[in-house]
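# Descriptive structure summary
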Amino acid sequence: MSSIIDAFNETFTEKQAYLKFFVYAIPVFFTAKAFINGQMSLFWFYGFLTAMLIFALLTSAISNVRMNKQEILTFNPFTLLISLLKGLLAMIPQLILFFVIGNLLIKIQIPIDIPHIQQIYEIIVYIIISSIILTSYMAFAKYLEIKQAYNYKVILESCIDIIVNLMFFIPQWLIANTIIVGPILYIYSLFHIPYSHWTFIFYCSMVTIANISIIANYLSQTSYELIKGEGQEYNDNYEIKSANELSEEEIKEFKKRKR
């Protein structure tokens, strides 16, 4: 089962982890600072560039963990660019498609006289659509294969499990962030230092980047466990494991597929 503890540990024990947090926190800091200062034109400019960077980091990090690479976050600009371009090609059509489908579905009126039934129906629609989009993204990010984002047979088989798993992840993730940010909040409150101070903003910016690594690690674990693979992908699954982790049945199946 996916473990946030493993994701948390691997995030902070990765080689050069804190240097990566520091470097990638800089654009996040400028975005947050512009918003706090009310410089909205700068905020939208910085925010767009930062959002693209975060998307590229998350996508490449999921793939790195899934492919059992040593690094989670990468400093390689070429890798980030490829991850960004492929991610946009994989997900923009999906977002447009399911935005249209979602708007059509919520216009359906439920002919049942139960209080708030329409609102409940709309929430369910949004949850299901969100789970499909997320599963599509995770299926793509495993190997950065755009076609996997459109493998709806696999996506529809996995999306409900993905959203249920995510519901367990969110409270754990909130607790993890409380551990990271809580003591700093207390110190600033104790010494009456405003939270708008640049040092606190930069610390939270670093925490944001750390969260990219945590989330990528967890999503990669989840995609491995819940999103079914086909053909060669099964071989890759077995190759990622060490020989000691394979059961006798898995070894037999692996050898049979290699013939």
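It should be noted that the structure appears before, not after, this text.
Residues numbered from 1 in each chain as written. Predicted model: local features only at pLDDT ≥ 70, side-chain atom pairs only at ≥ 80, totals over all residues. Heavy atoms only, no water.

## Some words on unusual backbone geometry
Although it is not a glycine, L144 adopts a positive phi angle of roughly 55°. Along the chain, L144 falls in the loop between α5 (117-143) and α6 (152-190). With phi around 60°, H192 is a residue other than glycine that occupies positive phi space. Relative to the assigned elements, H192 resides in the loop between α6 and α7 (198-226). (Helix = DSSP H or I, 4+ residues; strand = E, 2+ residues; numbered from the N terminus.)

## Observations concerning the packing of aromatic side chains
We describe a pair of aromatic rings using the distance from one ring centre to the other and the angle between the two ring planes. Throughout the structure, instances matching the rule amount to 19 aromatic pairs. Look at F8 and F12: their rings are 5.0 Å apart centre to centre, the planes differ by 45°, and that puts the pair in the tilted class. Pair noted here: F8 and F12 are both in helix α1 (residues 4-13), with a separation of four residues, about one helical turn. For F8, a relative accessible area of 24% puts it in the partly exposed group. (Phe/Tyr/Trp six-rings, centres within 6.5 Å; stacked < 30°, edge-to-face > 60°. Buried < 20%, exposed > 50% of the residue type's maximum accessible area, 1.4 Å probe, protein only.)

## Some points on the pattern of salt bridges
The final tally for this structure, using the stated rule, is three salt bridges. Between K20 and E14 there is a salt bridge; the shortest N-O distance is 2.7 Å. For the pair K20 and E14, one class covers both residues: buried. Notably, a salt bridge pairs K153 with E157, separated by 3.2 Å at the nearest N-O pair. Taken together, the residues K153 and E157, both in helix α6 and four residues apart, mark about one turn of the helix. E157 gets classed as partly exposed once you look at its relative accessible area, which sits at 38%. Where salt bridges share partners, they join E14, K20 and E71 into one cluster. (Salt bridge = Lys/Arg side-chain N within 4 Å of Asp/Glu carboxyl O.)

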